[in-house]
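Chain and residue survey
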Amino acid sequence: MLFYSFFKTLVGKEVAVELKNDVSLTGTLHSVDQYLNVKLTGVKVVDEERFPQLGALKGCFIRGSAVRYIQIPASEVDTELLQDACRKENASGGGR
Amino acid sequence: MATTLSELQGKPVSIITNDGRNIVGNFRGHDHTINVILDSCHERVYSTTAAVEVVPLGLYIVRGDNIAVIGELDEAADTERDLSSLRAVPIKPLAH
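All values derive from a computational prediction rather than experimental measurement.

**Let's talk about the overall build of chain A**
- Looking only at helices and strands, chain A has two helices and five strands in total.
- Taking the principal axes of the C-alpha coordinates as reference, chain A spans close to 45 × 25 × 20 Å.
- For chain A, with 96 residues in total, the buried portion stands at 43%.
- Once local pairs closer than 6 in sequence are excluded, the contacts in chain A between residues at least 24 apart make up 44%.
- Within chain A, one finds 12 positive and 12 negative side-chain charges whose respective centroids are separated by 7 Å.

Printed below as a string of structure tokens:
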């Protein structure tokens, strides 16, 4: 649940999502759920010339299982806090 | 901040499946595994050598397992596009 909580703190921020089919999408993180499915608003495909399939979208829902990376702005992350939270979660048996 | 698909109800959506297909239709329903019901849908087959081929499909249930992206179509922008002049490399299948 740690990463779910973590991504919740990033709602409203600009992110870039790279999918396992090599498509990259950028947009504002609208929401996440427990499966790390994400919803973006104001989506833009990186390299729209190559992927017109994904043009003309207002927003999109990305299934967590299709995500390879989510790039987040470094300035929005408190790494100390994140490391601390990781340690706590591990100490308490994985937080399950 | 749960991610819900309910707000897509009745709207035109464009789905990219795990094998790289693009299915466009009206969103009629979903469940928690992201199984999705689309009505009056069609597939758009992209190619580098020919115009986009539109294959009518009718009413479809797409299994959640097989969905990578659900995009909310911007209808105005979509009708404005000239599919007959669009050329594109097909999207690759998901590689886990």
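From this point, the discussion proceeds with the structure in view.
**Some details on the interface of chain A and chain B**
- Taken together, the contact pairs 30 residues of chain A with 37 residues of chain B.
- Between chain A and chain B, the buried area comes to about 2900 Å², and carbon and sulfur atoms account for 59% of it.
- Counting the surface chain A buries against chain B, the share from its top three residues, Gln53(A), Phe61(A) and Arg63(A), is 25%.
- Counting the contacts that link chain A with chain B gives three salt bridges.
- In this structure, Lys92(B) engages Asp22(A) in a salt bridge whose closest nitrogen and oxygen atoms are separated by 2.6 Å.
- The tally of links between chain A and chain B comes to 13 residue pairs in polar contact (both at pLDDT 80 or more).
- Every element with two or more residues in the side of chain A that touches chain B is listed here: strand 2 (24-32) and strand 4 (57-62) of chain A.
- Here the side of chain A that touches chain B is composed, by residue class, of 14 nonpolar, eight polar and eight charged.
- Sheet topology places strand 4 of chain A next to strand 5 (residues 67-73) of chain B; five bridges connect them, and they run antiparallel. Bridging across to strand 5 of chain B, Cys60(A) finds its partner in Gly71(B).

**Let's talk about the packing of aromatic side chains**
Residues and elements named next belong to chain A.
- For the structure shown, the criterion picks out two aromatic pairs over all chains.
- Relative to phenylalanine 6, the ring of phenylalanine 3 has its centre 6.2 Å away and its plane inclined at 80 degrees; by these criteria the two rings are edge-to-face. With phenylalanine 3 and phenylalanine 6 both in helix 1 (residues 2-8) and three residues apart, this pair spans about one turn of that helix.
- Looking at phenylalanine 3, the relative accessible area reads 44%, which means it is partly exposed.
- Exposure remark for phenylalanine 6: the relative accessible area of 12% places this residue in the buried category.
- Here the aromatic residues Phe3, Phe6 and Phe7 are joined through ring pairs into a cluster of three or more.
- A cation sits over an aromatic face here: lysine 8 above tyrosine 4, 4.3 Å from the ring centre.

**Concerning the pattern of salt bridges**
All names here are of chain B.
- Tallied over the full model, the rule gives 14 salt bridges over all chains.
- Residue glutamate 43 pairs with arginine 21 through a salt bridge whose shortest N-O separation is 3.7 Å. A residue pair is termed long-range when its members are at least 10 positions apart, and glutamate 43 in strand 3 (residues 36-45) and arginine 21 in the loop between strand 1 (12-17) and strand 2 (22-30) qualify at 22 residues.
- Between aspartate 78 and arginine 81 there is a salt bridge, with its nearest N and O atoms 3.6 Å apart.
- On the basis of relative accessibility, which here comes to 12%, the residue aspartate 78 falls in the buried class.

Rules used in this analysis
Residues numbered from 1 in each chain as written. Chains lettered and ligands numbered in written order. Predicted model: local features only at pLDDT ≥ 70, side-chain atom pairs only at ≥ 80, totals over all residues. Heavy atoms only, no water. Helix = DSSP H or I, 4+ residues; strand = E, 2+ residues; numbered from the N terminus. Buried < 20%, exposed > 50% of the residue type's maximum accessible area, 1.4 Å probe, protein only. Contact = heavy atoms within 4.5 Å. Lys, Arg positive; Asp, Glu negative; His and termini not counted. Charge placed at Lys NZ, Arg CZ, Asp CG, Glu CD. Buried area = accessible area lost by both parts, 1.4 Å probe. Salt bridge = Lys/Arg side-chain N within 4 Å of Asp/Glu carboxyl O. Polar contact = N/O pair within 3.5 Å; in protein donor to acceptor, adjacent residues only side chain to side chain. Nonpolar A, V, L, I, M, F, W, Y, C, P; charged D, E, K, R; others polar. Pairing = 2+ DSSP bridges. Phe/Tyr/Trp six-rings, centres within 6.5 Å; stacked < 30°, edge-to-face > 60°. Lys NZ or Arg CZ within 6 Å of the ring centre and 35° of its normal.

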